[in-house]
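Survey of secondary and tertiary structure
For reference, the chains in residue letters:
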Amino acid sequence: MSDSRTEDEAAVNAVLSEAYKAWEANDADAFVSNYTPDATAILPGSMRSDRDVIRQSMGAGFEGPLKGSSTVDDQLSIRFLGNDGAIVISESGILFAGETEVPEQRKIYATWVLEKRDGQWMIAAYHNSPKLAPGH
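A brief report on the enclosed structure follows.

About the thresholds
- Residues numbered from 1 in each chain as written.
- Predicted model: local features only at pLDDT ≥ 70, side-chain atom pairs only at ≥ 80, totals over all residues.
- Heavy atoms only, no water.
- Helix = DSSP H or I, 4+ residues; strand = E, 2+ residues; numbered from the N terminus.
- Rg over C-alpha atoms; globule rule 2.2 N^0.38 Å.
- Contact = heavy atoms within 4.5 Å.
- Pairing = 2+ DSSP bridges.
- Axes fitted to C-alpha atoms, helices over the stretch in contact; angles between N-to-C directions.
- 1 Å grid on protein atoms, 1.4 Å probe; cavity = no way out; pocket = protein on both sides within 12 Å on 5 of 7 lines; lining within 4 Å.
- Points joined across faces, edges and corners; volume = space filled by probe spheres on them.
- Phe/Tyr/Trp six-rings, centres within 6.5 Å; stacked < 30°, edge-to-face > 60°.
- Buried < 20%, exposed > 50% of the residue type's maximum accessible area, 1.4 Å probe, protein only.
- Lys NZ or Arg CZ within 6 Å of the ring centre and 35° of its normal.
- Salt bridge = Lys/Arg side-chain N within 4 Å of Asp/Glu carboxyl O.

**Some points on the overall build of the chain**
In terms of helices and strands, the chain carries three helices and six strands. Put simply, the chain runs from its N terminus to its C terminus through helices and strands in the order α-α-β-β-α-β-β-β-β. Whereas a compact globule of 136 residues would reach a radius of gyration of roughly 14 Å, the chain reaches 15 Å, a difference of no more than 12%. Projected onto its principal axes, the C-alpha coordinates of the chain cover approximately 40 × 30 × 25 Å. For the chain, restricting intrachain contacts to residue pairs at least 6 apart in sequence, the fraction spanning at least 24 positions comes to 49%.

**Description of the sheet that holds strand S6 (residues 120-130)**
Read across the sheet, six strands follow the order S2-S1-S6-S5-S4-S3 without closing on themselves; strand pairing throughout is mixed. The sheet terminates laterally at strand S2 (46-48) and strand S3 (70-81), the two strands that pair on one side only. Between one strand and the next, the sheet's axes are offset by a mean angle of 15 degrees, whatever the strand orientation. Sitting on the sheet, helix H3 (residues 51-63) touches strand S1 (35-43), S2 and S6, and the angle it makes with S1 is about 55 degrees.

**Some details on the layout of surface pockets**
Quantified by volume, the largest pocket comes out at close to 590 Å³. The wall of the largest pocket is formed by 28 residues, among which Trp 23, Leu 43, Ile 94, Tyr 126 and Asn 128 lie closest to the centre. Listed by contribution, the elements that provide at least two residues to the lining of the largest pocket are helix H1 (3-24), S1, H3, S3, strand S4 (85-95), strand S5 (108-117) and S6. The element contributing the most residues to the lining of the largest pocket is H3, with four residues.

**Some thoughts on the packing of aromatic side chains**
Enumeration according to the criterion identifies seven aromatic pairs in this entry. Arranged with centres 6.2 Å apart and planes meeting at 80 degrees, the rings of Tyr 20 and Trp 112 form a pair that is edge-to-face. Here the residue Tyr 20 occupies a position in helix H1, and Trp 112 occupies one in strand S5, the gap between them amounting to 92 residues. Here Tyr 20 falls in the partly exposed class, since its relative accessible area comes to 21%. Each residue in the set Trp 23, Phe 31, Tyr 35 and Phe 62 is aromatic and connected to the rest through ring pairs, giving one cluster. In this arrangement the basic side chain of Arg 5 is found over the ring face of Phe 80, its NZ or CZ atom lying 4.0 Å from the centre.

**Describing the pairing of S5**
As paired elements, S4 and S5 share eight bridges and run antiparallel to each other. What sits directly across from Ala 86, in S5, is Leu 114. Note that S5 and S6 share ten bridges and pair antiparallel. Bridge assignment links Ile 108 to a residue of S6, and that residue is Pro 130.

**Re the pattern of salt bridges**
Counting across every chain of the model gives eleven salt bridges. Here Lys 116 ties to Asp 8 by a salt bridge, and the two come within 3.0 Å at their closest N and O atoms. Taken as a pair, Lys 116 in strand S5 and Asp 8 in helix H1 lie far apart in primary sequence, 108 residues in all. Here Lys 116 falls in the partly exposed class, since its relative accessible area comes to 24%. Put simply, Glu 91, Glu 104, Lys 107 and Lys 131 are held in one network by salt bridges that share partners.

This is the structure we're talking about:
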């Protein structure tokens, strides 16, 4: 891996780390600070069409069912697309207040699509799916 890719990988990981820290702080504004304005987030049963919608949804979650929660994330791969694109695949889950481990049935696979804009890596799209198919 070239020095450029090493730097890009570190920068991509820093963006994701900042998102996880913002989640742990239940800070919706900080959570979306590295999302592009036109970012999308697709989760089972919902699509969030831009950064403002993502921020509103996360804010409502942090005030309600996600209050006091954090995320656990295990990066499985990172793949660069040209000079300005990256796809990160991870296994993740939400740790609700008082939990120390994410139950298997709540684990997900996530796809993060990042884009380098004006020299800064930003999240352009996010998608997740249950790790286990329903009924397993």
